[in-house]
Amino acid sequence: MTDLILPTPGRRQLILGGAAALAGLGFAPTTAVARPASAPLAGTAAGVPNSRLHRWAADTWHSLDAMTAPATGLPADNIPESLAAGDRSGYTSPTNIGGYLWSTVVARELGIISRAEASRRMLRTVQTLEGMEHHEPSGMFYNWYDEETGDAIRVWPTSGDPVEPFVSSVDSGWLGAALLVVANADPVAGPRAKALFDKMRWDAFYNPGDGKDGHPVVRTGGLMHGGFFPYRDGRPGGTYQGTHIGGEKVWLTTHHYDTIVSETRITSYLGILTGQVPGRHYYAAYRTFPRGDCNNWNWQEMQPVGQTRTYLGVEVFEGAYTYRGMHIVPGWGGSMFEELMPAVFVPEETWAPNSWGVNHPLHVRAEREHGMEEAGYGYWGFSPASDPFDNYREYGVDALGMNPEGYFSDKEKTNYDAGFGDCRPGSNPNPKFGDGVVTPHASFLAMMFERGPATANLLKIEQKLGAYGKGGFFDAVAVKSGTIARRYLSLDQAMVMGALGNVLSKNVLRRAFSTPEVEAKLRPVIGIERFGAGIIE
């Protein structure tokens with residue numbers, strides 16, 4: 001396993017997608033018996049008009065507006081149900097800033113705010129970014145800022161602990177995606193957003209995997225670092241000194257993102273579409289860990305099925321997990337966030353019909369069947385979110401994740417273990433689940449693929465569970481006890497806005513991001529792959 005470095009208090013962006021970067025792999029080809037999944041469902045749930053979806057969007061925007069400091073145009077990371085300015089979290093990240101920018105575009109398109117107000121808001125945010133301290137050689141921003149001032153945080157506001165400036169590859173990715181959206185969607189703020197985007201060096205995170213930079217990870221195609229510390233008096237744990245773009249060395253993380261079903265692929269897309277990272281990098285990540293045998297890789301919760309194929313000179317084990325009559329390419333934790341967040345911007349299911357076009361609808365179906373049938377919660381949609389019983393937790397469907405410790409769908413952290421083929425019996429192949437925790441933003445992401453069922457699920461969460469406030473859906477709710485995480489996270493609200501914008505406004509974010517120029521760079525890379533996913537015959 002590669003080292004996992006958490007430079008600041010628990011952020012999903014550094015936790016999700018962190019698996020292993022292991023050498024000496026022995027791929028054992030297998031054959032999956034599968035057929036392509038059916039096309040995504042269209043239409044809305046019976047009895048749920050678009051006007052309700054518009055209301056959900058307007059209320060969600062209200063929470064994002066409440067989180068945003070007027071002087072800087074920067075959103076706080078989170079806010080409680082009070083929506084009071086004095087209750088803002090006191091910190092923000094590049095991902096949060098990016099989410100506010102793309103949400104502003106959606107709010108404009110849905111008529112929640114005027115075009116003039118949208119331009120004014122985006123210009124204010126971009127102007128603040130222009131003056132913020134950042135890592136100038138790469139054009140990348142640090143991971144934490146004070147939303148009221150735009151100052152980089154050196155002392156954590158809630159604990160007083162020191163904070164070393166850190167540049168996160170995935171946080172940078174979401175800000176970069178948002179800047180590209182603004183560049184193409186707004187004539188007022190767009191030119192300045194494009195100038196910021198053009199300064200971003202995605203190859204600053206790219207380890208080509210040839211072993212020449214002093215780090216032992218060798219992977220054909222290369223991987224993205226978790227990020228880097230621009231400077232440090234001593235060596236931070238889990239890092240080494242180097243640079244991929246020349247100039248002054250930084251402390252690069254030994255942790256790399258190496259699973260394809262991960263929100264981190266947005267950073268890979270940006271590197272490829274700008275020409276800074278080769279397309280073959282896309283094939284370096286695991287689809288699943290290798291199949292292995294009774295002596296190797298047998299610690300996995302499930303033995304994958306699949307076969308090895310070669311794309312752009314990179315051998316790829318097209319593995320999949322078996323779940324409820326489906327073969328599905330899993331994520332690290334089995335969450336909707338990992339599977340679908342990049343699809344808010346890239347029409348992956350269209351550009352890559354034999355990979356994402358199969359896996360996305362199957363993942364949504366699997367999460368729905370887990371919640372409604374296997375676990376019997378009566379609700380579904382699982383993704384990292386506020387913890388109704390504490391602060392924050394990674395939720396997911398354990399059977400859809402490679403993480404042997406699991407992302408769980410209930411309060412009790414009920415583990416699923418199917419065993420490793422004929423080598424090891426499952427420790428818990430038929431678990432009984434407890435108080436399931438559903439996260440509304442997961443259902444909004446799913447709405448892009450199962451609009452009717454996702455809308456019906458959200459309607460029940462609003463009306464029967466009461467997990468709804470002045471700022472839209474609360475971040476999470478435990479369905480058995482009715483315990484609600486009565487707060488709003490700006491990233492989760494931004495995912496709600498992004499998905500609704502695509503559903504209600506003709507793929508507004510996809511059109512702004514995935515221009516013909518972007519399609520010409522990305523589609524030939526991702527479109528040639530055939531996952532091992534499908535419905536078992």
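Check the entry above for the structure.
Just so it is clear, the structure is predicted and the values come from calculations on it, not from any experiment.

Trainee: Would you explain the packing of aromatic side chains in this entry?
Mentor: The relative placement of two aromatic rings is captured by the distance of their centres and the angle of their planes. Throughout the structure, instances matching the rule amount to 30 aromatic pairs. For the pair F205 and F228, a centre-to-centre distance of 5.7 Å together with 35 degrees between the ring planes defines the contact as tilted. With a gap of 23 residues between them, F205 in the loop between α6 (190-198) and β7 (206-207) and F228 in strand β9 (residues 227-229) connect regions that are remote in the sequence. According to the relative accessible area criterion, F205 is buried, its value standing at 0%. Using a relative accessible area of 1% as the deciding quantity, one classes F228 as buried. Both rings, one in Y269 and one in Y282, keep their centres 6.2 Å apart while their planes meet at 25 degrees; by these two values the pair is stacked. Of the two residues, Y269 is situated in helix α7 (residues 265-273) and Y282 in the loop between α7 and β13 (305-311); the sequence distance between them amounts to 13 residues. Y282 shares its class with Y269; the two are buried. Through a chain of ring-to-ring contacts, three or more aromatic side chains come together here, namely Y286, F289, W297, W299 and W332. Here the basic side chain of R287 rests over the ring of Y282, its NZ or CZ set 5.2 Å away from the ring centre.

Trainee: I keep staring at the sheet that holds strand β20 (residues 437-438) and nothing clicks. Help me out?
Mentor: One key point about sheets: their strands pair by backbone hydrogen bonds, in either a parallel or an antiparallel sense. The 3 strands are arranged β20-β23-β24 in an open sheet whose pairing can be described as antiparallel. At either end of the open sheet lies a strand with only one pairing partner, and these are β20 and β24 (484-485). Bridge count between strand β23 (residues 476-478) and β24: 2 bridges; the pairing is antiparallel. Bridge pairing links V477 to I484 in β24.

Trainee: Would you explain helix α13 (residues 490-504) in this entry?
Mentor: An α-helix turns once every 3.6 residues. As a result, residues three or four positions apart point the same way. Taking 1.5 Å of rise per residue, the 15 residues of α13 would be expected to cover 21 Å, and the 21 Å separating its terminal C-alpha atoms lies within 8% of that figure. Across the 15 residues that make up α13, a large majority, 15, are buried. Within two residues after α13, K506 carries a phi angle of roughly 55 degrees, on the positive side.

Calculation notes
Residues numbered from 1 in each chain as written. Predicted model: local features only at pLDDT ≥ 70, side-chain atom pairs only at ≥ 80, totals over all residues. Heavy atoms only, no water. Phe/Tyr/Trp six-rings, centres within 6.5 Å; stacked < 30°, edge-to-face > 60°. Helix = DSSP H or I, 4+ residues; strand = E, 2+ residues; numbered from the N terminus. Buried < 20%, exposed > 50% of the residue type's maximum accessible area, 1.4 Å probe, protein only. Lys NZ or Arg CZ within 6 Å of the ring centre and 35° of its normal. Pairing = 2+ DSSP bridges. Expected span 1.5 Å × (residues − 1).

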